[in-house]
Amino acid sequence: MEIGIDSFAATEAGDVLIDSEKSANSLEELLQRIEQADRVGLDVFGIGEHHRKEFLDSATAIILAAAASRTKNIRLTSAVSVISAADPVRVFQEFATLDLISKGRAEIVAGRGSFTEAFPLFGLKLNDYDKLFAEKLDLLLKIRDKETISWQGQFRPSLTNQSIYPRPFQKKLPIWLGVGGTPASFARAGSLGLPLMVAVIGGETHRFRPLIDLYREAGAKAGHPEETLKVGLHSLGYVAKTTKEALENYYPGYAQTFTRIGKERGWPPVTLDHFYAQTGETGALVVGSSEEVAEKIIRHSEALGGISRFTFQMDNAGLSHSQLMASIELIGKEVLPSVKQFLG
């Protein structure tokens, strides 16, 4: 199993005030955390894509390219690329260039994203949500698989015998499909034979097993080899020296962030009881000591029929840079070896 970190490039301490100096500092600290993840042996680091005041990840590939120049081994991926609101030609070109810079360490996780601010920003209609995603994913995969293509769709100008450059360092640029909880998305990933990245940010992780079974069944039915049907799990998490310390560090910022988002989406405010339920044995939050977190990752993997990748999303809880650096070190030096030793 690969273990890594996903980040949304949160502004300093979640500050939503625009301050160029703080923003520059936040990005520098993010790059330091990616260097730290590479140094302690983590497998992958992902950067999300948002177009909101509290996040600095609207130009994902640029952040990853900066990280590529400062790292040696870690894989660098989007988490996710919101292709519904993007031009797949440009997405491919950016990540193919990243792949060349990093000498074969680039990946794309293509998805719809959990926010919708990109649609009005780029002049798109939310009513076209599903059609946009299906069409643009189709084009992205065709560009990935062939240097020269002809293609016609509803939302983008046609391509006629058009070659797309540059080509990546890797023979086939890895593209994962990022999904939430929609059965059709799981089935689509299986039918296309794409690796699946499941974002579980609440509830009980084992409840996703029927959807992952649907993914694997769709993949088998479409004739894709079992080894290509990989499952990754993106979860909110944090590791400290003790579980008590981890819970005390994580809760205040987590409650503040999700209470604020809840106001947008009609969720109730976060309570301490809710938090403890989520950090319990089957809850989605992976927060605790190295030992407890490693055991929970293994438990989640077993409940889902085996996962190939697990990524922590930590910077949603207003944690300091030093806390995040220490957590990444614990994940690399203690959690990762424990998980890999258990799995053999």
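See the structure shown above.
Being a predicted model, the structure only gives us computed values, none of them experimental.

Caption draft 1: Molecular detail of the overall build of the chain. For the chain, the count of helices and strands is 11 helices and 12 strands. Here the C-alpha radius of gyration of the chain, 19 Å, is about what a compact globule of 344 residues would show, namely 20 Å. Taken over the C-alpha atoms alone, the chain extends approximately 60 × 50 × 45 Å along its principal axes. By residue count, 53% of the 344 residues in the chain fall in the buried class. In the chain, the proportion of contacts linking residues at least 24 apart, taken out of those at least 6 apart, comes to 72%. Between the centroid of the 38 positive side chains of the chain and the centroid of its 42 negative side chains there is a distance of 5 Å.

Caption draft 2: Just helix H10 (residues 290-303), in detail. Given a rise of 1.5 Å per residue, 14 residues ought to cover 20 Å, and the 20 Å separating the end C-alpha atoms of H10 matches this to within 8%. Buried within H10 we find Ser 290, Val 293, Ala 294, Lys 296, Ile 297, Ile 298, His 300 and Ser 301. Where the residues of H10 are buried, they touch strand S10 (231-240), helix H9 (272-278), strand S11 (286-289), strand S12 (309-313) and helix H11 (321-343). At the exit of H10 stands Gly 305, carrying a positive phi of roughly 80°.

Caption draft 3: Representation of the pairing of strand S1 (residues 2-7) in the model. Within S1, five of the six residues are buried, which leaves the element mostly enclosed by the surrounding structure. Strand direction decides the pairing type here: S1 and S12, joined by five bridges, are parallel. When the sheet's bridge partners are listed, Ile 3 is paired in S12 with Phe 310. Where S1 lies against strand S2 (residues 44-47), four bridges are found, and the strand directions are parallel.

Caption draft 4: Representation of the pattern of salt bridges. Using the criterion set out here, one finds 18 salt bridges in the structure. Between Arg 52 and Glu 264 there is a salt bridge; the shortest N-O distance is 2.7 Å. Here Glu 264 lies in helix H8 (residues 243-265) and Arg 52 lies in the loop between S2 and helix H2 (60-68), a separation of 212 residues in the sequence. For Glu 264, a relative accessible area of 48% puts it in the partly exposed group. One salt bridge connects Glu 54 with Arg 260, and the closest N-O pair in it is separated by 3.8 Å. Residue Glu 54 is found in the loop between S2 and H2, and its partner Arg 260 is found in helix H8; the two are separated by 206 residues along the sequence. Residue Glu 54 is classed as buried on the basis of its relative accessible area of 8%. On the basis of relative accessible area, Arg 260 is assigned to the partly exposed category, the value being 31%. A cluster of three or more residues bridged by salt bridges with shared partners is formed by Glu 2, Arg 75, Glu 107 and Arg 309.

Caption draft 5: The environment of Ala 66, seen in detail. Among the secondary structure elements, Ala 66 is positioned in helix H2. For Ala 66, a relative accessible area of 28% translates into the label partly exposed. Separated by 257 residues in the primary sequence, Ala 66 and Gln 323 have C-alpha atoms spaced 23 Å apart.

Caption draft 6: Quick look at the packing of helix H6 (residues 183-192) against helix H7 (residues 209-221). Axis separation between H6 and H7 bottoms out at 7 Å; the angle between their running directions is 30°. As summarised for this structure, H6 and H7 are arranged roughly parallel, according to the angle between their axes. Read as a crossing pair, H6 and H7 show a hand that is right-handed. Residue-level contacts link Pro 183, Phe 186, Ala 187, Ala 189, Gly 190 and Ser 191 of H6 to Leu 211, Ile 212, Leu 214, Tyr 215, Ala 218 and Gly 219 of H7. Broken down by class, the residue content of the contact of H6 with H7 amounts to nine nonpolar, three polar and no charged.

Parameters at a glance
- Residues numbered from 1 in each chain as written.
- Predicted model: local features only at pLDDT ≥ 70, side-chain atom pairs only at ≥ 80, totals over all residues.
- Heavy atoms only, no water.
- Helix = DSSP H or I, 4+ residues; strand = E, 2+ residues; numbered from the N terminus.
- Rg over C-alpha atoms; globule rule 2.2 N^0.38 Å.
- Buried < 20%, exposed > 50% of the residue type's maximum accessible area, 1.4 Å probe, protein only.
- Contact = heavy atoms within 4.5 Å.
- Lys, Arg positive; Asp, Glu negative; His and termini not counted.
- Charge placed at Lys NZ, Arg CZ, Asp CG, Glu CD.
- Expected span 1.5 Å × (residues − 1).
- Pairing = 2+ DSSP bridges.
- Salt bridge = Lys/Arg side-chain N within 4 Å of Asp/Glu carboxyl O.
- Axes fitted to C-alpha atoms, helices over the stretch in contact; angles between N-to-C directions.
- Parallel < 35°, antiparallel > 145°, perpendicular 65-115°, else oblique.
- Left-handed = near helix turned anticlockwise from the far one by under 90°.
- Nonpolar A, V, L, I, M, F, W, Y, C, P; charged D, E, K, R; others polar.

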